[in-house]
Amino acid sequence: MMNIEKIDRILRDTAYIRTGGSAQELACAKTLIGECEKLGLTAKLESFDVPMAVMHRARLTVDGQQIPCKGYLCAGSGDIEAELVYAPELTPCALSTCRGKIVLLDGYLGYWKYQDILSSGAAGFITYDGNANYADEDIDQRELRSYVSKGEKRLGVNINAKAAIELVRSGAQRARITLEQDEFMGQSHNVVCELPGETDEWIVLTAHYDSTSLSTGAYDNMSGCIGLLGVAEAMLNKPRRRGLRLIFCGSEERGLLGSKAYCAAHETELSNVALNVNLDMIGSIMGSFNAICTSEERLVHFIEYSASIQGFSLKARQDIYSSDSTPFADKGVPAVSFARNATANTATIHNSYDTLKVMSAARLAQDIDLISTFVETMTNARHFPVKRCMPDRMKDKLDVYLGRKRDKDA
Ligand SMILES: [Zn+2]
């Protein structure tokens, strides 16, 4: 079992904000390299390009009153004034009212939602996050992701949920958005560490180490990084038929950029990868343990049965998980993500509440133990039993998630 003091120490050492492409992210990468070296392993940085921006000015004025906001990074610069419309559903009916207007949206601005905004002819957009019931008035720093905009930029700002409610309640009429930013290409990094095996087949273990703009990312996802270190420690002096490759991924929170970059740069090697095991959010005090298999369905049952035999309660399902397992699965590599998912009233993520307070080092050690046992079994399988074929149902979900095909039911 992984040492509790060590878990606590790593959580404390990395308790800072580390967004993709930042100097803090790189500092954390170096800390992880140091942790690999303490195990007697070598780890190396692999860099990849990421779009960056420095915002000089972001302003939202509604009916003459300034509203606290953060401008969307990489959404261009300029100044627009237009009628404000609240369009929570984005049905064809709602979209028909958006032309030339600044649209206040509910929820996250994903690929398909942005395509709707573009085709509606909207002039700009406002999103909001946070929770109206919390004391804080935090605003997350959002970006218009390059694979979402594909170069078609509209000015947008993010505001706090309380401000959004007030805009709708008061029947706000006209909005003005001003953005001034410098956009450029920067670098983010994956940390790669190998424990070679007796064959040239590999099991790739992934966990992202970057965080979002308000979060020190203990739960999401230093917990998973500690998981990788724990599995490596458990497997150090054990026979390994297959090799283990740990990848601490950068810029996951910016759209799985690290795992996408890894899969693109190492595409030819992926045929030797038997399985991807991804850890994203484990070891929380509260919450249920899940195994999400982007693979043939039989792996779901194997994981459920073997956990049950060990007296470890978990739920497994066949699905995709919004994390670094997805780019691997998209290249045909069977993937499983392990996560302990807390309810939102006990531990939330992507905000300032994701801290050491929601974590249990003892629980994390237990979670890592279960994962290590699974990895050891898979590493030493005489014949690797998981078929290398992605079921059509998973291919469909990957197509929708990665913006290639629209969900018929959405
Ligand atoms: Zn995460």
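All values reported here derive from a predicted model rather than from experimental measurement.

J.: Would you take a moment to explain the overall build of the chain for this structure?
T.: The number of helices and strands found in the chain is 12 helices and 14 strands. For the chain, the C-alpha radius of gyration of 22 Å lies close to 22 Å, the compact-globule estimate for 410 residues. Counting only C-alpha atoms, the chain reaches 70 × 45 × 40 Å along its principal axes. Here the chain, with 410 residues, has 45% of them falling under the buried criterion. In the chain, once contacts between residues fewer than 6 apart in sequence are set aside, the share between residues at least 24 apart is 80%.

J.: It is not clear to me how the domain arrangement of the chain should be interpreted in this structure. Could you clarify?
T.: Quite often, the size of an interface is put as the accessible area lost when its parts meet. Partitioning the chain into domains gives domain 1 (4–50 + 187–401) and domain 2 (59–183). If you average the C-alpha positions of domain 1 and of domain 2, the two centres end up 33 Å apart. Grouping the amino acids of the side of domain 1 that touches domain 2 by side-chain chemistry returns 1 nonpolar, 6 polar and 1 charged.

J.: Is there a simple way to explain the pairing of strand β10 (residues 243–249) in this structure?
T.: Looking along a regular strand, one sees side chains alternate from face to face of the sheet. In terms of burial, β10 is a largely internal element, 7 of the 7 residues being buried. Burial along β10 is two-sided: G243, R245, I247 and C249 facing one way and L244, L246 and F248 facing the other are all buried. One ladder, built from 5 bridges, connects strand β8 (residues 174–195) with β10; its direction is antiparallel. Residue pairing for β10: V192 is matched across the bridge by I247. The pairing of strand β9 (residues 202–208) with β10 spans 7 bridges and is parallel. Within β10, the residue paired with A207 across the bridge is F248.

J.: I keep staring at the pairing of strand β14 (residues 335–341) and nothing clicks. Help me out?
T.: The buried count for β14 comes to 6 of 7 residues, which makes it a mostly enclosed element. Taken together, the 4 bridges between strand β11 (residues 273–279) and β14 define a ladder with parallel strand orientation. The residue of β14 that forms the bridge with N276 is A335. Note that strand β12 (residues 288–294) and β14 share 7 bridges and pair antiparallel. Paired with N290 across the two strands is A339, which belongs to β14.

J.: Explain the packing of helix α7 (residues 218–235) against helix α11 (residues 361–379) to me, please; I cannot follow it from the model alone.
T.: Angle between the axes and distance between the axes: these two values describe a pair of packed helices. The N-to-C vectors of α7 and α11 enclose an angle of 50°; their axes lie 9 Å apart at closest approach. The angle between the axes of α7 and α11 places the two elements in the oblique class. Pair α7 / α11 crosses with right-handed handedness. Within the contact between the two elements, α7 uses S223, I226, G227, G230, V231, A234 and M235 and α11 uses L364, I368, I371, S372, V375, E376 and T379. A per-class count over the contact of α7 with α11 returns 8 nonpolar, 5 polar and 1 charged.

J.: Is there a simple way to think about the nonpolar core in this case?
T.: Inside soluble globular proteins, nonpolar side chains tend to come together where they are buried. Membership of the largest hydrophobic core comes to 77 residues, with the highest contact counts inside it found for L32, I203, C225, L228, F248 and V336. Looking at which element gives the most residues to this core, the answer is α7, with 10 residues. Those residues within four positions of L32 in sequence are excluded, and the remaining contacts are A43, V191, Y209, C225 and F248. If you look at the next biggest cluster of nonpolar residues, it comprises 32 residues, including C74, I102, L144 and A175.

J.: Help me understand unusual backbone geometry in this model?
T.: Most peptide bonds take the trans form, and the phi angle of most residues other than glycine is negative. Cis geometry is found at the peptide bond from D220 to N221, where omega equals 10°. Summarising the element assignment, N221 is placed in helix α7. Phi is positive for D63, which is not a glycine, with a value near 50°. In this structure, K150 takes a positive phi of about 45° despite not being glycine. Positionally, K150 belongs in the loop between α5 (146–149) and β7 (155–160). For K150, a count of 13 C-beta atoms within 10 Å corresponds to the partly exposed category.

J.: I would appreciate a short explanation of α7 in the present structure.
T.: Helical geometry note: an α-helix holds 3.6 residues per turn, so side chains three or four residues apart project in the same direction. For α7, with 18 residues, the first-to-last C-alpha span of 24 Å sits near the 26 Å given by 1.5 Å per residue. Within α7, 16 of the 18 residues are buried, which leaves the element mostly enclosed by the surrounding structure.

J.: Even after reading the chapter, I still don't get the environment of L228, so can you show me in this structure?
T.: Residue placement: L228 occurs in helix α7. The sequence separation of L228 and S372 amounts to 144 residues, and the corresponding C-alpha distance is 9.0 Å. Other than its neighbours up to four places away in sequence, L228 contacts L205, A207, L246, F248 and L279.

J.: What's the story with α11 in this structure? I'm lost.
T.: The terminal C-alpha atoms of α11 lie 26 Å apart, and with 19 residues this matches the ideal 27 Å at 1.5 Å per residue to within 8%. Taken as a whole, α11 has its buried residues at A361, L364, D367, I368, L370, I371, S372, F374, V375, M378 and T379.

J.: In this structure, what is going on with the packing of helix α1 (residues 4–13) against α7? I would like to understand it.
T.: As a packed pair, α1 and α7 sit with axes 10 Å apart at the nearest point and diverge in direction by 130°. On the basis of the axis angle, α1 is oblique to α7. The crossing of α1 and α7 is right-handed. Between α1 and α7, the residues in contact are I7, I10 and L11 and A218, M222 and I226, respectively. Class assignment of the residues belonging to the contact of α1 with α7 gives a composition of 6 nonpolar, no polar and no charged.

Reading guide: rules and limits
- Residues numbered from 1 in each chain as written.
- Predicted model: local features only at pLDDT ≥ 70, side-chain atom pairs only at ≥ 80, totals over all residues.
- Helix = DSSP H or I, 4+ residues; strand = E, 2+ residues; numbered from the N terminus.
- Rg over C-alpha atoms; globule rule 2.2 N^0.38 Å.
- Buried ≥ 20, exposed ≤ 12 C-beta atoms within 10 Å, placed from the backbone.
- Contact = placed C-beta atoms within 7 Å.
- Domains from an automatic or database assignment.
- Nonpolar A, V, L, I, M, F, W, Y, C, P; charged D, E, K, R; others polar.
- Pairing = 2+ DSSP bridges.
- Axes fitted to C-alpha atoms, helices over the stretch in contact; angles between N-to-C directions.
- Parallel < 35°, antiparallel > 145°, perpendicular 65-115°, else oblique.
- Left-handed = near helix turned anticlockwise from the far one by under 90°.
- Core = buried A, V, L, I, M, F, W, Y, C linked by C-beta atoms within 7 Å.
- Expected span 1.5 Å × (residues − 1).

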